[in-house]
Amino acid sequence: MNKADYLAFPAIVGTPGQYNSMRKMWDGHHYKYHMDRMGNVKPMVDNKAPRTFIHCHLKMKKIQTEQEYLMEMERNNRVLVSRIARTMARRGVDNWNDDYEIFSKNKASAGADERNRGLVKISLENQAILEKLTCTKPVYNHKQWLQDFKVTREYTNRLRKYPQTSCKKLAPLNLI
């Protein structure tokens with residue numbers, strides 16, 4: 001802070017020692033006023049947390065869809081309860097249609113036969129695939145991999161500025 005900012009009685013003209021007590025009194029008064037004002041200054045940088053908006057935290061559409069889902073579920077439950085109650089009131093036996101049971105058994109058995117044939121076909125295919133997998137021999141040869149690694153390392157040693165084996169004289173590569 002510059003001292004001239006709060007000096008009330010600058011010593012521009014005058015002799016030294018002239019108005020000393022008056023200058024000190026006014027300077028002290030203005031300095032105190034200046035410091036009081038500087039104490040009341042608010043910072044220019046806003047470092048408070050940003051405002052929170054209710055629509056960002058409370059998702060009304062989600063709540064509405066959940067309520068609609070629950071209402072639909074309750075309605076379906078009421079319908080099921082009424083059907084069960086009606087069935088229990090009639091003792092739950094359907095005797096008026098004797099052919100229904102026979103028809104339904106035949107229809108179910110036709111579908112079951114088709115499904116069984118499909119399952120048998122799938123299981124036979126799976127067994128054939130398993131047989132092929134167990135009969136095949138591995139294709140990978142780890143000895144060949146090790147030999148390829150040694151050749152590659154030899155190439156990299158030749159390309160390096162300072163090879164790993166500095167004492168040995170390099171022999172020509174035997175690739176075939």
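Residues numbered from 1 in each chain as written. Predicted model: local features only at pLDDT ≥ 70, side-chain atom pairs only at ≥ 80, totals over all residues. Heavy atoms only, no water.

Let us now look at the overall build of the protein chain. In terms of regular secondary structure, the protein chain is built from five helices and zero strands. Sequence-ordered secondary structure for the protein chain, helices as α and strands as β, is α-α-α-α-α. In the protein chain, which comprises 176 residues, the share counted as buried stands at 3%. Carbon and sulfur atoms form 60% of the exposed surface of the protein chain, whose accessible area is close to 17,900 Å². (Helix = DSSP H or I, 4+ residues; strand = E, 2+ residues; numbered from the N terminus. Buried < 20%, exposed > 50% of the residue type's maximum accessible area, 1.4 Å probe, protein only. Areas by Shrake-Rupley, 256 points an atom, 1.4 Å probe, with all protein chains shown as cover.)

Before going further, it helps to examine the pattern of salt bridges. Here the structure, examined in full by the defined rule, presents two salt bridges. The salt bridge involving Asp-36 is made with Lys-32; its shortest N-O contact spans 3.5 Å. Taken together, the residues span about one helical turn, with Asp-36 and Lys-32 both in helix H1 (residues 20-39) at a distance of four residues. Here Lys-32 falls in the exposed class, since its relative accessible area comes to 53%. Among the ionic pairs, Glu-114 bridges to Arg-117, the shortest N-O distance being 3.5 Å. Here Arg-117 and Glu-114 lie together in helix H4 (residues 99-135), a separation of three residues that amounts to about one turn. Arg-117 carries the same exposure label as Glu-114, and that label is exposed. (Salt bridge = Lys/Arg side-chain N within 4 Å of Asp/Glu carboxyl O.)

With that out of the way, let us pick up the packing of aromatic side chains. Working definition: an aromatic ring pair is given by the centre-to-centre distance plus the angle between the planes. Under the defined criterion, the tally for this structure stands at one aromatic pair. When the ring of Tyr-140 is compared with that of Trp-145, the centres are 5.6 Å apart and the planes differ by 45°; the resulting orientation is tilted. Exposure class is identical for Tyr-140 and Trp-145. Each is exposed. (Phe/Tyr/Trp six-rings, centres within 6.5 Å; stacked < 30°, edge-to-face > 60°.)

Mean pLDDT for the protein chain: 79, with 70% of residues reaching 70 or above. Summarising per-element confidence for the protein chain, the mean pLDDT is lowest in H4 (79) and highest in helix H3 (residues 60-89) (92). (pLDDT = per-residue confidence, 0-100.)

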